[in-house]
Amino acid sequence: MNGDFSNRIALLAYHACPLAAPGQGKSGGMNVHVREIGRALSERGAQVDIFTRAHEGQDMDAPAIADGVNVVHVPAGPADAPLSEQHEYLPEFLDGILRRRDRIQADYQAVHSHYWLSGLAGRQLAAAINAPHVVTFHTLSRIKMLSRSGESEPVLRQRSEAEIIAGSDCVIAFSEHERDAMVKLYEGDPDRIRLVPCGVDLERFRPLGRAEARDELGLNGDKVLLYVGRIEALKGLELLIQTTAHLDAGNVKVLVVGDDADGSGDLGRLKRIAESLNVSESIDFVGRVAQDRLPWYYSAADVCVVPSYYESFGLVALESMACGTPVVASRVGGLPTVVRHGRTGYLKSWRCPETFANSLEMLLVNRSLQNCMGLTARETAESMSWDAVAGQLLTIYRELSGHDQGSEGT
């Protein structure tokens, strides 16, 4: 490892530009995670370079994430190349990073890769500059394949994930479930896997007041259920639509915030399901919403519903809780790390519309229970700030580079 201490970090987010708006194409929780981690690390005194692939529609005039955070778009293949073809451009990506590193003479304390594609480039970068390599996968192919019948992932991805887990100095897991899966499904070394949860922006995501939020969004007196996320099969949105047909809690409006991520036609399929169940009038497909508008939706809702087949963490659940809104979610992946069953919402082990409806009705008809869970949800979220996450990561970087004495910015 480097002999001299450096407080400069290289974050690799090959296909997850931190400047991309969540809900735009494949942009989602990973983009938010990288952006907020970069910001929080810089606020703790680190210099952060985020390397991402030059892509179609990138805004070169976008405001900086924060002082001390550089977002570097590295040309690597055609800007509009689909994700399925981007693996072949990783050598160009790596070469671009090394050229810039040599030009500015950057001395990185650690290389932290996000997702398996970044991990392939990150391990080579770390070896080339003699720095420790840390990786966060966000999703793992073998867990996805077990989570939903018919889900498939390329053999190249599965093999690459296993190689990266075996060869990294540290692998970050969001939850015990993810850590255990890395050990069981990938034969990962548990001594090199560290638990570091995701975080939330507590200033942006805060309770805004239900009445004020509903006025802001032009909602009437209906009870409100909220879904936030990409519209794709793995998110399980059809379960929420089916559940709506079983609700017996008065007039209920379901707001679906997000768009059809890859043009797969899932949105059309879901609308047809709603029509067949005669609940179309109860469901409003809002489309993509700007990040700074999301707190209004979370605050306006009685309950946020996360019906996913798989979530490595569950950022939407945490954002909802930070806004004081309880969550009803599938008991999958990292969601039990976020949602405290019976305290901040309910976790459902069975993908059954009737059981989801029962939990939703308890909250929809009992405002006292809803408010109590909402208060506990905010209190729980307050312990999961991005600053706290950044502090844990800096400790790991220092340990790996042999500089674990003291902790700047704490």
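Look a little higher up for the structure.
Visitor: Residues and numbers for the sheet that holds strand β7 (residues 193–195), please.
Guide: Spatial ordering of the open sheet is given by β3-β2-β1-β4-β5-β6-β7, a layout of seven strands whose pairing is parallel. A strand with exactly one partner marks an edge of an open sheet, and here the two such strands are β3 (69–74) and β7. If you compare each strand with its neighbour and ignore which way they point, the axes differ by 25° on average. The strands touched by helix α2 (residues 90–104) are β1 (8–12), β2 (47–53) and β3; relative to β2, the strand with the most contacts, the crossing angle is about 150°. Contacts between helix α6 (residues 176–186) and the sheet are confined to β6 (170–173) and β7, with β6 contributing the most and set at about 135° to the helix.

Visitor: Describe in detail the pattern of salt bridges, supporting the description with residues and values.
Guide: Counted according to the given criterion, the structure contains 23 salt bridges. Between K144 and E153 there is a salt bridge, and its shortest N-O distance comes to 3.0 Å. On the basis of relative accessibility, which here comes to 15%, the residue E153 falls in the buried class. Salt-bridge contacts for R367 lead to D302; the nearest nitrogen and oxygen are separated by 3.4 Å. One end of the pair, R367, is in helix α14 (residues 367–381); the other, D302, is in the loop between α10 (294–300) and β11 (303–306), and 65 residues separate them in sequence. Note on D302: relative accessible area 1%, which makes it buried. Here the salt bridges do not stand alone but share partners, grouping K144, E153, R157 and E161 into one network.

Visitor: Please give an account of the environment of V289 that cites residues and values.
Guide: Within the secondary structure, V289 sits in the loop between β10 (283–287) and α10. Looking at V289, the relative accessible area reads 12%, which means it is buried. Once the C-alpha coordinates of V289 and D259 are considered, the two residues, 30 residues apart in sequence, prove to be 9.2 Å apart.

Visitor: Could you give me a rundown of unusual backbone geometry, with the residues and numbers involved?
Guide: Of note in the backbone geometry, Q105 takes a positive phi value of approximately 55° without being a glycine. Mapping Q105 onto the fold places it in the loop between α2 and β4 (110–114).

Visitor: If you had to explain the sheet that holds β11 to someone new, which residues and values would you point to?
Guide: Pairing in this open sheet of six strands is parallel, and the strands run β10-β9-β8-β11-β12-β13 from one edge to the other. In this open sheet, the two edge strands, each paired with only one partner strand, are β10 and β13 (345–348). Averaged over all pairs of adjacent strands, the angle between their axes in this sheet comes to 20°, without regard to strand direction.

Visitor: Tell me about the packing of aromatic side chains, and name the residues and values.
Guide: What the rule picks out here adds up to five aromatic pairs. A centroid spacing of 4.8 Å and a plane angle of 70° characterise the contact between Y14 and F93, whose relative ring orientation is edge-to-face. With a gap of 79 residues between them, Y14 in the loop between β1 and α1 (29–43) and F93 in helix α2 connect regions that are remote in the sequence. Per residue, the accessibility class of Y14 equals that of F93, and both read buried. When the ring of F205 is compared with that of Y298, the centres are 5.9 Å apart and the planes differ by 65°; the resulting orientation is edge-to-face. On the criterion of sequence distance, the pair formed by F205 in the loop between β7 and α7 (210–217) and Y298 in helix α10 is long-range, its members being 93 residues apart. Here the two residues F205 and Y298 agree in accessibility, since each one is buried. The ring centre of Y309 lies 5.7 Å from the NZ or CZ of R148, which sits over that ring. Across from the ring centre of Y309, 3.7 Å away, lies the NZ or CZ of R351, which sits over that ring.

Visitor: Can you break down the pairing of strand β12 (residues 327–330) residue by residue, with the values?
Guide: As judged from the three bridges shared by β11 and β12, these two strands associate in the parallel manner. Within β12, the position partnered with C304 by the bridge is V327. For the crossover from β11 across helix α11 (residues 315–322) to β12, the handedness is right-handed.

Visitor: Tell me about the packing of helix α8 (residues 237–244) against helix α9 (residues 266–276), and please be specific about residues and values.
Guide: The N-to-C vectors of α8 and α9 enclose an angle of 15°; their axes lie 10 Å apart at closest approach. Here α9 runs roughly parallel to α8, going by the angle between their axes. Crossing of α8 against α9: the hand is right-handed. Residues L237, E238 and I241 of α8 lie in contact with α9, whose contacting residues are R269, L270, I273 and A274. Across the contact of α8 with α9, the residue classes break down as five nonpolar, no polar and two charged.

Visitor: Can you tell me about the packing of α11 against α14, naming the residues and giving the values?
Guide: With their axes 7 Å apart at the nearest point, α11 and α14 run at an angle of 115° to one another. Considering their axes alone, α11 and α14 lie roughly perpendicular with respect to each other. Both α11 and α14 take part in a crossing whose hand is left-handed. Contacts between α11 and α14 involve L318, M321 and A322 from the first element and A377, R378, T380 and A381 from the second. Across the contact of α11 with α14, the residue classes tally to five nonpolar, one polar and one charged.

Visitor: I'd love a proper account of the pairing of β2, names of residues and values included.
Guide: Of all seven residues in β2, six are buried, a share of seventy percent or more. Bridge count between β1 and β2: five bridges; the pairing is parallel. Across the sheet, residue L11 finds its bridge partner in β2, namely I50. Inspection of the sheet shows β2 paired to β3 by six bridges, in the parallel sense. The partner of T52 across the bridge, within β3, is H73.

Visitor: Talk me through the state of the cysteines; I want residue IDs and the actual numbers.
Guide: Disulfides are covalent bonds that link the sulfur atoms of two cysteine residues. For the structure on display, the rule yields zero disulfides. C304 takes part in no disulfide bond, and the closest cysteine sulfur, belonging to C323, lies 9.5 Å away. Judged by relative accessible area, which is 0%, C304 ranks as buried.

Parameters at a glance
Residues numbered from 1 in each chain as written. Predicted model: local features only at pLDDT ≥ 70, side-chain atom pairs only at ≥ 80, totals over all residues. Heavy atoms only, no water. Pairing = 2+ DSSP bridges. Helix = DSSP H or I, 4+ residues; strand = E, 2+ residues; numbered from the N terminus. Axes fitted to C-alpha atoms, helices over the stretch in contact; angles between N-to-C directions. Contact = heavy atoms within 4.5 Å. Salt bridge = Lys/Arg side-chain N within 4 Å of Asp/Glu carboxyl O. Buried < 20%, exposed > 50% of the residue type's maximum accessible area, 1.4 Å probe, protein only. Phe/Tyr/Trp six-rings, centres within 6.5 Å; stacked < 30°, edge-to-face > 60°. Lys NZ or Arg CZ within 6 Å of the ring centre and 35° of its normal. Right-handed = clockwise from strand over helix to strand, strands pointing away. Parallel < 35°, antiparallel > 145°, perpendicular 65-115°, else oblique. Left-handed = near helix turned anticlockwise from the far one by under 90°. Nonpolar A, V, L, I, M, F, W, Y, C, P; charged D, E, K, R; others polar. Disulfide = S-S within 2.5 Å.

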